[in-house]
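Survey of secondary and tertiary structure
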Amino acid sequence: MISEAQFQAELQLLIKNAIREDVGPGDYSSLACIPDTAHGQAKLLVKDQGIIAGVELAKMIFEHVDPKLKVKTFIEDGTHVEYGEVVFEVSGSSQSILKAERVVLNTMQRMSAIATKTNHLMGLLEGTNAKILDTRKTTPNFRVAEKWAVKIGGGENHRYALYDMIMLKDNHIDFAGGITRAISKAKEYLKENNLDLKIIVEARNLDEIREILLSNGVHRILIDNFNYEDTKTAVNLIGSKCQTESSGNISEKTVREYALCGVNYISSGALTHSVYNMDLSLKAF
């Protein structure tokens, strides 16, 4: 994953662009009927249940819109919430609260849905050694928040983007002329460009597992679209030589069985591309 400094920079870019997109030259509805001297307060109300996420991001959004806004937090990120609970209260300029409202809700609703799904899958893995990973199958320009939500839900982040890890998948391997050649060229590239990046290689069958193991320097093998028995065989072949990761059409019904095969990680694009937003609202009081 990226550094903490870059993570924070990505969050600021997200906030700036989201406010630009939603507010543009001005919130004319509020400007038209609410005096700029008006002060008010609102509460973040839960109308669903699950794992709340995005509280800290909401504070950053309010700060960006108006540093004078005050947020009083009752429930922290990663907490299970029920219908009717109040997560926080915000007070200050009524215009500022309304300007930030939709961006806060959009981010928190989606982040909470992702955190809830991640937490559910982690629960299914209880008693195993496997951990849940996210993927790059994220919403454009919202990746940093979605990956943050996975962490809040108890999962772990895979690579952030194309630049923080070498990941040789089927197309890379075929275009490069085979597994051994792809790995060799990747290691040469890293050395020539003075880059310190981990290498992950995808295997489509047990023969490819065996070929990958002939090369040194592979951090993790991606055991892609294997059945249970072949996954167990692959894990035994790999042993402690490198990390293992299962992926490919793994669902809630099958995730535990793959974990019981002994893999270190299970990656799931569904964490970020197949969730239903948690119902939240920001209500004046």
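Residues numbered from 1 in each chain as written. Predicted model: local features only at pLDDT ≥ 70, side-chain atom pairs only at ≥ 80, totals over all residues. Heavy atoms only, no water.

On to the overall build of the protein chain. Helix and strand counts for the protein chain stand at 11 helices and 12 strands. Considering only C-alpha atoms, the protein chain reaches an extent of 70 × 40 × 25 Å along its principal axes. Within the protein chain, buried positions represent 47% of all 285 residues. Only carbon and sulfur atoms are counted for the fraction: they give 48% of the accessible area of the protein chain, which is about 14500 Å². Of the charged side chains in the protein chain, 33 are positive and 37 negative; the average position of the first set lies 2 Å away from that of the second. (Helix = DSSP H or I, 4+ residues; strand = E, 2+ residues; numbered from the N terminus. Buried < 20%, exposed > 50% of the residue type's maximum accessible area, 1.4 Å probe, protein only. Areas by Shrake-Rupley, 256 points an atom, 1.4 Å probe, with all protein chains shown as cover. Lys, Arg positive; Asp, Glu negative; His and termini not counted. Charge placed at Lys NZ, Arg CZ, Asp CG, Glu CD.)

As a further point, take the sheet that holds strand β12 (residues 280-284). One key point about sheets: their strands pair by backbone hydrogen bonds, in either a parallel or an antiparallel sense. Pairing within the open sheet is antiparallel, and its four strands lie in the order β3-β5-β1-β12. Strands with a single pairing partner mark the edges of an open sheet, and in this sheet they are β3 (70-73) and β12. Strand-to-strand twist across the sheet, computed as the mean angle between neighbouring axes with direction ignored, equals 20 degrees. Relative to β12, strand β1 (residues 39-46) is paired through five bridges, and the arrangement is antiparallel. Its bridge partner lying in β12, A42 is registered against A284. (Pairing = 2+ DSSP bridges. Axes fitted to C-alpha atoms, helices over the stretch in contact; angles between N-to-C directions.)

Inspection of the entire model under this criterion finds 10 salt bridges. For E252, the salt bridge is made with K117, and the minimal N-O distance between the two is 3.6 Å. Remark: K117 occurs in helix α4 (residues 94-124) and E252 occurs in the loop between β10 (243-247) and α10 (255-259); sequence separation between them is 135 residues. Judged by its relative accessible area of 41%, E252 falls in the partly exposed class. (Salt bridge = Lys/Arg side-chain N within 4 Å of Asp/Glu carboxyl O.)

Within the UniProt annotation, "domain: Quinolinate phosphoribosyl transferase N-terminal" (unreviewed entry) is assigned to residues 27-112. For residues 27-112, the end-to-end C-alpha separation is 26 Å, with 42% helix and 28% strand making up the annotated structure. (UniProt positions renumbered as here; feature names shortened; annotations may be inferred.)

Here we come to the pairing of β10. With four of its five residues buried, β10 lies for the most part within the structure. Sheet topology note: the strand β9 (residues 220-224)/β10 ladder contains five bridges and is parallel. Bridging from a neighbouring strand, I223 pairs with S246 of β10. Handedness of the β9-helix α9 (residues 228-238)-β10 crossover: right-handed. As paired elements, β10 and strand β11 (residues 265-267) share two bridges and run parallel to each other. Paired with S246 across the strands is I266, a residue of β11. (Right-handed = clockwise from strand over helix to strand, strands pointing away.)

Going through the model one piece at a time under the given rule, you end up with three aromatic pairs. Pairing F7 with W148 gives two aromatic rings, centres 5.5 Å apart and planes at 80 degrees, and the pair type is edge-to-face. Linking F7 in helix α1 (residues 4-23) with W148 in helix α5 (residues 143-152), this pair joins segments that are 141 residues apart in sequence. Geometrically, the ring pair formed by Y228 and Y258 is edge-to-face, given 4.9 Å between the ring centres and 65 degrees between the ring planes. Of this pair, Y228 sits in helix α9 while Y258 is found in helix α10, placing the two residues 30 residues apart along the sequence. Owing to a relative accessible area of 30%, Y228 belongs among the partly exposed residues under this scheme. The ring centre of Y265 lies 4.5 Å from the NZ or CZ of R220, which sits over that ring. (Phe/Tyr/Trp six-rings, centres within 6.5 Å; stacked < 30°, edge-to-face > 60°. Lys NZ or Arg CZ within 6 Å of the ring centre and 35° of its normal.)

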